[in-house]
Every structure is written in structure tokens, then in C-alpha cells.
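Here is how the chains run, residue by residue.
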Amino acid sequence: MQEISDKANAVLEEIKAATPANTDELELFRIKYLGSKSVLKDLFGAMGQLPGERKKEYGQLMNTLKASAENKLEELKASFENGKQTAKDIPDLTAPGIDIPLGTRHPLSIVRNRMIEIFSRIGFVVAEGPEIEDDWHNFTALNTPQDHPARDMQDTFFLSEDKNQLLRTHTSSVQIRMMESQKPPLRYIFPGRVYRNETISARAHCTFHQVEGLYIDDNVSFADLKQTMLYFAQEMFGRNTEIRFRPSFFPFTEPSAEMDITCTICNQKGCAVCKHTGWVEIGGCGMVDPAVLENCKLDTKKYSGFAFGMGIERITMLRYQVNDLRLYFENDVRFLKQFTSAV
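Residues numbered from 1 in each chain as written. Predicted model: local features only at pLDDT ≥ 70, side-chain atom pairs only at ≥ 80, totals over all residues. Heavy atoms only, no water.

Colleague: Explain the overall build of the protein residue by residue, including any values.
Modeller: Broken down by element type, the protein carries 11 helices and 9 strands. Scaling as 2.2 N^0.38, a compact globule of 343 residues should have a C-alpha radius of gyration of about 20 Å, whereas the protein reaches 37 Å, well beyond that. Projecting the C-alpha coordinates of the protein onto the three principal axes gives extents of approximately 115 × 50 × 40 Å. Taking all 343 residues of the protein together, the buried fraction comes to 44%. Taking the contacts inside the protein whose residues are at least 6 apart along the sequence as the reference set, 68% of them involve residues at least 24 apart. Summed over its atoms, the accessible surface of the protein is roughly 19,200 Å², and 50% of this surface lies on carbon and sulfur atoms. Distance between charge centroids for the protein: 3 Å, based on 41 positive and 47 negative side chains. (Helix = DSSP H or I, 4+ residues; strand = E, 2+ residues; numbered from the N terminus. Rg over C-alpha atoms; globule rule 2.2 N^0.38 Å. Buried < 20%, exposed > 50% of the residue type's maximum accessible area, 1.4 Å probe, protein only. Contact = heavy atoms within 4.5 Å. Areas by Shrake-Rupley, 256 points an atom, 1.4 Å probe, with all protein chains shown as cover. Lys, Arg positive; Asp, Glu negative; His and termini not counted. Charge placed at Lys NZ, Arg CZ, Asp CG, Glu CD.)

Here it is as C-alpha cells:
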């Protein structure tokens, strides 16, 4: 009994004499004497070793000890809150600040801004539209009626049973909105996100980004389209870039063409990206079909125009030699930090 009591009294004296110098030491005091594994826990456990007639006396001593520890802790807390701080508690105001690393733009945003900047130099203005579209603006007005086989070219996410509400499959729907609401001359580009029900892979995704363009005016010809596309290709990929057009089909343009550029990776020597042809497809284009102009109540005898469309992911892959477009959507900092805000 004497040995246990002496140990308890020694702890009591330690508590009374404790003088933590700062808040860190105060926390160590709390843990040592009032924590879940404190020295008091062992002392309370020693009560089972005492005879019954001495337990009351020892219990009173332990209650005093615990109360002293709690009172001491509250007293010290109050003193620190009232401004009793040591040099360790006061921050060094002369110390240099912590560097906050600057982020960079996403590669798709870099290329999108670059494309907008290039086309803006030759008079194209940005226009945007809703991502949830109706059948008229996404299909019918673009010369694709209900029974038209061109609807099979795209797998659509429909949002209503009557298939009138859907996620747009291209930004061509904004072209219709501009032709309905504006009078020629029209010279717009339409950047935005589009959706198609496709299997996700290194070359395809269910959501991606496009930049489409539209020019409607008097006497617009295919030569104007070709010169516009050549200007864009050389500004984006370099002055030595060449282009070629291959006949194709789109329901809203006639004639239509796929546009290729000389491979920027192998310089037309042949590689896996260009399938050893020296050419890489970057988009589609063509003269606006007169039926589309009529749907928007434009005079086909007076006006003509061209339209084009390119995938931003595709352009970014070619510019930065990215071999898997899924990387754009994974938000992996190791991938994103490789890009700077300038192109």
C-alpha cells in the first residue's frame, strides 16, 4: 500500500509542477495524464492489489490526482488563450512564403483556344448552343429525315421515348440555329462537347469535342473552303503542311470531302499513326446542301456556303503525339502537367 501510494503522490507532484512552454507541450501533458493510455490508468488499475479496508483511502487519493490533472490542464489552456505564448508559438513573420505551384490549362483547352484564335483572324466568330437538342436541329434540318440512312452513321443518346430530346451528336445543330436567327453573311465557328453511343477505346469515346465552322454569303465557292482549310492547317501544324481532299458523304453538304494533312510525326515517311500513307485525316467539310439552306429559309439562288468540322481530341493527338485519347479524361496530374498554357 505504501509503495503504491508513494507512486501516486509522486505523479500528483509532477502534475502540480508541470509548466508546458507551448501548445505542443500542453498536448503532451494531456496525453500523459489524461489520455487513453495515461499513467493514471495504470494507477487506477493498482487498486485491485489493495485490501478492502484500504481501497477507500486510495480511491480518494486517485480522485484527487485526476482532478488535479484536469484542473491543471484547464488552467494552462486558459493561460495560452489569454496570450501567454512562447517564441515557438509565434510564427516567424520574416520566413519566406510557401510556393503555390501554378497549374496549366488542359491540353484540349489549349488546342481549342488555338483553333479559335486562328479562325478569328479571318473573321470567324464563336457561337455556342445547347448540348441537349431536339430532332429538328440535330437531324431533320440538316437534311436527315426520319427514314434517312444517314441517321445510322451516328449512335445517339436519346432522352425521351419519342426520340425528340437527345444529346447532340455534333455541333452542326448550332449551325442551324444561327441560320434560323441570323441573316447572311454568316461566318461562325462552333466549339463544344458532343456525345455518341460508342465503345470507349484509345481512338473513340462516348463524349468528345468538336470545332465546326460555317460561312454563308454571296458566291461562296469550294475554292474558298479549300483556302480556308489550308490556312488553318498551316497555322496549326506549320507552314510546310499540305492538305488533300477525298470525296466523301455527309447529308448536310454536297459535294462533301474528308480532309487530310501531311503526317506531322513522320513527315510523310510512313509510320503507325498515318498507317504508312504519309497522310492523316483531321476532319470533314463540304459545300452546304441547298436543302439545308431551304430548311432555314435562306434563298438558295442568292446564297451559298461551306461548312467544316474537326475533332479537338484528334487535333490534340497530332499536335502533342498522344496515342490514347482516354488520357484526356482521366485527370492524371502526371499527364496534365506536361502541357504549358502556350501552344
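Colleague: Lay out the packing of aromatic side chains with the relevant residues and their values.
Modeller: Overall, the coordinates contain 12 aromatic pairs when judged by the stated rule. Aromatic rings pair up to connect Phe-119, Phe-124, Tyr-215, Phe-232, Phe-306 and Phe-308 into one cluster. Its end group placed over the ring of Tyr-215, Arg-187 keeps NZ or CZ at 4.3 Å from the ring centre. (Phe/Tyr/Trp six-rings, centres within 6.5 Å; stacked < 30°, edge-to-face > 60°. Lys NZ or Arg CZ within 6 Å of the ring centre and 35° of its normal.)

Colleague: Hey, could you go over the nonpolar core for me, with residue numbers and the actual values?
Modeller: Core analysis: the largest hydrophobic core is formed by 43 residues, its most contacted members being Met-115 and Phe-308. Beyond its immediate chain neighbours, meaning those up to four positions away, Met-115 contacts Val-211, Phe-232, Met-236, Met-310, Ile-312 and Ile-315. Ala-141, Tyr-188, Cys-296 and Leu-298 belong to the second-largest nonpolar core, a separate cluster that totals 21 residues. (Core = buried A, V, L, I, M, F, W, Y, C linked by side-chain atoms within 4.5 Å.)

Colleague: Give me unusual backbone geometry: which residues, what numbers.
Modeller: Across the junction of Pro-184 and Pro-185, the peptide omega takes the value 5°, indicating a cis bond. Relative to the helices and strands, Pro-185 resides in the loop between α7 (172-181) and β4 (186-195). With omega at 0°, the peptide bond leading from Glu-254 into Pro-255 counts as cis. Position of Pro-255 among the secondary structure elements: in strand β7 (residues 253-262). Even without a glycine there, the phi angle at Asn-143 is positive, about 70°. With respect to the secondary-structure elements, Asn-143 resides in the loop between α6 (135-138) and β3 (165-167). Taking relative accessible area as the criterion, Asn-143 reaches 23% and is therefore assigned partly exposed. The phi angle at Gln-321 is positive, at roughly 55°, despite the residue not being glycine. With respect to the helices and strands, Gln-321 occurs in the loop between α10 (312-320) and α11 (333-336).

Colleague: Report on the environment of Met-310, specifying residues and quantitative values.
Modeller: Here Met-310 lies in strand β9 (residues 303-311). Judged by relative accessible area, which is 3%, Met-310 ranks as buried. Considering only alpha carbons, one finds Met-310 and Glu-281, 29 residues apart in sequence, at a separation of 9.5 Å. With near-sequence residues (within four places) excluded, Met-310 lies in contact with Met-115, Phe-119, His-209, Gln-210, Val-211, Phe-232, Ile-282, Gly-283 and Ile-315.

Colleague: Mind laying out α7, listing which residues take part and the relevant values?
Modeller: Buried residues dominate α7, accounting for 7 of its 10 residues. Of all the residues in α7, the buried ones are Ser-172, Ser-173, Val-174, Gln-175, Ile-176, Met-178 and Met-179. Among the structural elements, β2 (132-134), α6, β4, β5 (207-218), α9 (290-295) and β9 are those in contact with the buried residues of α7.

Colleague: Hey, could you go over helix α8 (residues 222-237) for me, with residue numbers and the actual values?
Modeller: Here α8 spans 22 Å end to end across 16 residues, near enough to the 22 Å set by a 1.5 Å rise per residue. For α8, the full list of buried residues reads Leu-225, Thr-228, Met-229, Phe-232, Ala-233, Glu-235, Met-236 and Phe-237. Trailing α8 by a residue or two, Gly-238 shows a phi angle of about 125°, which is positive. (Expected span 1.5 Å × (residues − 1).)

Colleague: So, the pairing of strand β6 (residues 243-250): which residues are in play, and what are the values?
Modeller: As defined by bridge partners, β6 adjoins β7 across 7 bridges and the pair is classed as antiparallel. Bridging from a neighbouring strand, Phe-250 pairs with Thr-253 of β7. Following β6, the chain reverses through 2 residues before pairing antiparallel with β7. (Pairing = 2+ DSSP bridges.)

Colleague: Describe in detail the state of the cysteines, supporting the description with residues and values.
Modeller: In the structure shown here, the tally under the stated rule is 0 disulfides. The thiol of Cys-285 is unpaired, and the distance to the nearest cysteine sulfur, on Cys-263, comes to 19 Å. A residue is classified by how much of its surface remains accessible, and Cys-285, at 3% relative accessible area, is buried. Free of any disulfide, Cys-296 has its nearest cysteine sulfur in Cys-285, 20 Å distant. (Disulfide = S-S within 2.5 Å.)

Colleague: I'd like a rundown of the environment of Arg-244, residues and numbers included.
Modeller: Structurally, Arg-244 can be placed in strand β6. It is 17 Å that separates the C-alpha atoms of Arg-244 and Lys-269, two residues lying 25 residues apart in sequence. Contacts of Arg-244, omitting those with residues within four sequence positions, involve Glu-258, Met-259, Asp-260 and Trp-279. Within the structure, the side chain of Arg-244 is placed 2.9 Å from the side chain of Asp-260, a separation counted as a polar contact. (Polar contact = N/O pair within 3.5 Å; in protein donor to acceptor, adjacent residues only side chain to side chain.)

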